[in-house]
Amino acid sequence: QVQLVESGGGLVQAGGSLRLSCAASTHTFSSDVMGWFRQAPGKEREFVACISRSGTSPYYGESVKGRFTISRDNAKNVVYLQMNSLKPEDTAVYYCAGDISGNPLILRSGNPTYWGQGTQVTVSS
């Protein structure tokens, strides 16, 4: 069973930065597409970003383009989300996810193969 462990969440002021990490315990990591979603209270889960197997092709949700950067280290089985210029509306639980198909479109659909437990990000105004 795949286990994803997110870390790096916390409380930050608007305009600040955070970097989330997601460590995966799967031998298929380098062939899986990996990504991040978030869910704010009372709202639906939202796609944030995903990255191709090789790490050369990132994809972003419209609300985070230009502010967030996704990356991965296949040697360490870790995916990162660098979040800059944070806004109060970025407050949410952030979830790491992966899909064994390797297809970003499948992950973006919101039904990836596996999920993490989530980490809270709170941005104060």
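Before any of the text, the structure's been laid out above.
Definitions and cut-offs
- Residues numbered from 1 in each chain as written.
- Predicted model: local features only at pLDDT ≥ 70, side-chain atom pairs only at ≥ 80, totals over all residues.
- Heavy atoms only, no water.
- Phe/Tyr/Trp six-rings, centres within 6.5 Å; stacked < 30°, edge-to-face > 60°.
- Helix = DSSP H or I, 4+ residues; strand = E, 2+ residues; numbered from the N terminus.
- Buried < 20%, exposed > 50% of the residue type's maximum accessible area, 1.4 Å probe, protein only.
- Lys NZ or Arg CZ within 6 Å of the ring centre and 35° of its normal.
- Lys, Arg positive; Asp, Glu negative; His and termini not counted.
- Salt bridge = Lys/Arg side-chain N within 4 Å of Asp/Glu carboxyl O.
- Contact = heavy atoms within 4.5 Å.
- Pairing = 2+ DSSP bridges.
- Axes fitted to C-alpha atoms, helices over the stretch in contact; angles between N-to-C directions.
- Disulfide = S-S within 2.5 Å.

K.L.:
Just checking my understanding: could you explain the packing of aromatic side chains for this structure?
P.N.:
Aromatic ring pairs are described here by two measures, namely the spacing of the ring centres and the angle between the planes. Applying the stated rule across the entire model yields three aromatic pairs. Taken together, a centroid distance of 5.0 Å and an interplanar angle of 55 degrees make the contact between Phe37 and Trp115 tilted. Here Trp115 lies in strand S10 (residues 114–115) and Phe37 lies in strand S4 (residues 33–39), a separation of 78 residues in the sequence. Both rings, one in Tyr95 and one in Trp115, keep their centres 6.4 Å apart while their planes meet at 90 degrees; by these two values the pair is edge-to-face. Of this pair, Tyr95 sits in strand S9 (residues 92–99) while Trp115 sits in strand S10, and the two are 20 residues apart along the sequence. On the accessibility criterion, Tyr95 (15% relative accessible area) is buried. Owing to a relative accessible area of 26%, Trp115 belongs among the partly exposed residues under this scheme. Within the aromatic cluster, the residues linked to one another by ring pairs are Phe37, Phe47, Tyr95 and Trp115. When the ring centre of Trp115 is taken as origin, the NZ or CZ atom of Arg45, which lies over that ring, is 4.3 Å away.

K.L.:
Help me understand the side chain of Asp99, please; the structure alone is not making it clear to me.
P.N.:
As for its position among the elements, Asp99 is in strand S9. Arg53 provides the closest opposite charge to the buried, salt-bridge-free Asp99, at an N-O distance of 8.1 Å. Sequence-distant contacts of Asp99, defined by excluding residues within four places in its chain, comprise Asp32, Val33, Ile106, Leu107, Asn111, Pro112, Thr113 and Tyr114.

K.L.:
Would you take a moment to explain the sheet that holds strand S7 (residues 68–73) for this structure?
P.N.:
By way of backbone hydrogen bonds, the strands of a sheet pair with one another, either parallel or antiparallel. One open sheet accounts for four strands, arranged S1-S3-S8-S7; its pairing is antiparallel. Of all strands in the sheet, those bounded by a partner on one side alone are strand S1 (4–7) and S7. Going from strand to strand, the sheet's axes swing by 15 degrees on average, the running direction of each strand aside.

K.L.:
Before we go on, may I ask you to explain the state of the cysteines in this structure?
P.N.:
Counted under the stated rule, the structure contains one disulfide. Cys96 supplies the cysteine sulfur nearest to Cys50, a cysteine that is in no disulfide, at a spacing of 12 Å. According to the relative accessible area criterion, Cys50 is buried, its value standing at 0%.

K.L.:
Which parts of the structure should I look at to understand the environment of Ser30?
P.N.:
Relative to the helices and strands, Ser30 is located in the loop between strand S3 (18–24) and S4. The exposure class of Ser30 is partly exposed, given its relative accessible area of 43%. Spatially, the C-alpha atoms of Ser30 and Gly102 are 9.2 Å apart, while their sequence positions differ by 72 residues. Those residues in contact with Ser30 that lie beyond four places of it in its chain are Arg53, Arg72 and Asn74.

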